[in-house]
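Coordinate inspection notes
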Amino acid sequence: MKRTSLTKRLGALAAALAFCAVLAGCGASGGTSAGATMTAEGSMAYDTAASEEAGAVNSAMDPAAAQTDRKIIYTASLDMESTEFDDTRTALLEAVDASGGYLASSDQYGSAEDQDRYVYYSVRVPADNYRAFLEAVGSAGNVLNLSESTDDITTQYIDVQARLTALENQRDRLNALAEKAETTADLLEIESQLSDVQYQIESYTQQQRWMDDQVSYSTVDISLREVRVLTPETPATFVEKLGRALGDGWDDFVDLLEGLVLTLAYLWPMVIVAAVIVVALIATAPARRARREAKAARRAARRGPAGPAGYAPPPAAEPTAPKAEDAPTTPDVDKGTPKY
């Protein structure tokens, strides 16, 4: 009888776990293995337990109940500038302390000499002091941009809370059954289900703690940049733009010269070596030119006036007397020449 009673209880508990698996997406394996042994009495017990748990979840998810305590996460982001960088940064840190918040992270670079410092703060402030902190930050410097966002997680929070309640009830019932287990097989089965339930409880507990932290403390990201002139709120005229362009151009030119001088100062050993090489090449240029001319003269002398060395021109042809048959003929005036 005790064995049958324990089997019935395990069957009812496994069916309840299967129902919760539909809600939470978990616990299906334990419900399947034990569900095969469920009896008619276990089914009735399952219906009763499932009805009670479903009623608890539905009441927790009631929109009317959700309206009583909204879970809202507030976040904001500010872009700021200031000509008095140190004073503005000090005012921001004082505002953080006054609101009861803390710096989650920070980043800073730039130098006071160049007047190009930049600092980034990620601040966590209590949600109750969120608005007061934004007002204090806005009065510390020139705000260029402010963006805010809210995330209502009331439904998700109530869902996690209901799942935790159901899982804790399952854990209590499993512990009660474990105390009455008479065989090792029953005890191992119960402990396996207890392990799964405990793992889910820890997971949902972490989610609930994270949501509590996000709701309790708002996140404000602040970017502060040091400038020489504040950005005007109204559009600048052509003359103002021209003057700003001339000023920026001169500043860039000065920065370029400074960078060039610093680069030469950094590379002065190599500059000196290069200068010595150039001077040596210029000083030895006439001597090298004279040597090239001398070599060219020696090569010309070896060739000689008639051509290269060892070359003899062919002998000139001797003049020959013309032959008689080659002499021009003249008419014989004594023979056949008419006389007048």
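So, here's what we can say about the structure.

What counts, and where the lines are drawn
Residues numbered from 1 in each chain as written. Predicted model: local features only at pLDDT ≥ 70, side-chain atom pairs only at ≥ 80, totals over all residues. Heavy atoms only, no water. Helix = DSSP H or I, 4+ residues; strand = E, 2+ residues; numbered from the N terminus. Buried < 20%, exposed > 50% of the residue type's maximum accessible area, 1.4 Å probe, protein only. Contact = heavy atoms within 4.5 Å. Areas by Shrake-Rupley, 256 points an atom, 1.4 Å probe, with all protein chains shown as cover. Core = buried A, V, L, I, M, F, W, Y, C linked by side-chain atoms within 4.5 Å. Pairing = 2+ DSSP bridges. Axes fitted to C-alpha atoms, helices over the stretch in contact; angles between N-to-C directions. Parallel < 35°, antiparallel > 145°, perpendicular 65-115°, else oblique. Nonpolar A, V, L, I, M, F, W, Y, C, P; charged D, E, K, R; others polar. Left-handed = near helix turned anticlockwise from the far one by under 90°. Salt bridge = Lys/Arg side-chain N within 4 Å of Asp/Glu carboxyl O.

1. Section: the overall build of the protein chain
Along the backbone of the protein chain there are 11 helices and five strands. Out of the 340 residues in the protein chain, the part that is buried amounts to 26%. Across the protein chain, every contact between residues at least 6 apart in sequence was considered, and the portion connecting residues at least 24 apart equals 79%. Entry remark: accessible area of the protein chain is about 22,900 Å², with carbon and sulfur atoms responsible for 58%.

2. Some details on the nonpolar core
Counting 19 residues, the largest nonpolar core has Leu-92, Phe-133, Val-220 and Ile-222 as the members making the most contacts within it. Listed by contribution, the elements that provide at least two residues to this core are β1 (72–82), α5 (85–99), β3 (118–126), α6 (130–138) and β5 (217–226). Excluding its chain neighbours within four sequence positions, the residues that come into contact with Phe-133 are Ala-95, Val-96, Ser-99, Val-123, Val-125, Val-220 and Ile-222. With 15 residues, the next largest nonpolar core counts Ile-73, Leu-167, Leu-174 and Val-197 among its residues.

3. Let's talk about the pairing of β3
With respect to burial, β3 is a largely interior element, eight of its nine residues being buried. Relative to β3, strand β2 (residues 102–109) is paired through seven bridges, and the arrangement is antiparallel. Residue pairing across strands places Tyr-102 opposite Arg-124, the latter belonging to β3. With nine bridges joining them, β3 and β5 adopt antiparallel strand pairing. By the bridge assignment for β5, Val-123 is matched with Val-220.

4. Remarks on the packing of helix α10 (residues 268–283) against helix α11 (residues 285–303)
One can describe the packing of α10 onto α11 by two numbers: an axis separation of 4 Å at closest approach and a directional angle of 40°. If you check the angle between α10 and α11, you find them oblique. In this structure, α10 contributes Leu-281, Ile-282 and Ala-283 to the contact, and α11 contributes Ala-285, Pro-286 and Arg-288. Tallied by class, the residues present in the contact of α10 with α11 amount to five nonpolar, no polar and one charged.

5. Some points on the packing of helix α7 (residues 154–180) against helix α8 (residues 184–216)
When two helices pack together, you describe them by how their axes are tilted relative to each other and by the distance separating the axes. One can describe the packing of α7 onto α8 by two numbers: an axis separation of 9 Å at closest approach and a directional angle of 155°. Comparing the axis directions of α7 and α8 gives the class roughly antiparallel. Between α7 and α8 the crossing geometry is left-handed. Taken together, the residues that form the contact of α7 with α8 break down as 14 nonpolar, 10 polar and four charged.

6. Comments concerning the pattern of salt bridges
Per the stated rule, a full pass over the model turns up eight salt bridges. For the salt bridge of Lys-71 with Asp-69, the shortest nitrogen-to-oxygen distance reads 3.4 Å. Judged by its relative accessible area of 46%, Asp-69 falls in the partly exposed class. Its salt-bridge partner being Arg-124, residue Asp-213 comes within 3.4 Å of it at the nearest N-O pair. Pair noted here: Asp-213 is in helix α8 and Arg-124 is in strand β3, with a separation of 89 residues, a long-range link. Classification of Asp-213 as partly exposed rests on a relative accessible area of 32%. Overall, the relative accessible area of 8% leaves Arg-124 in the buried class.

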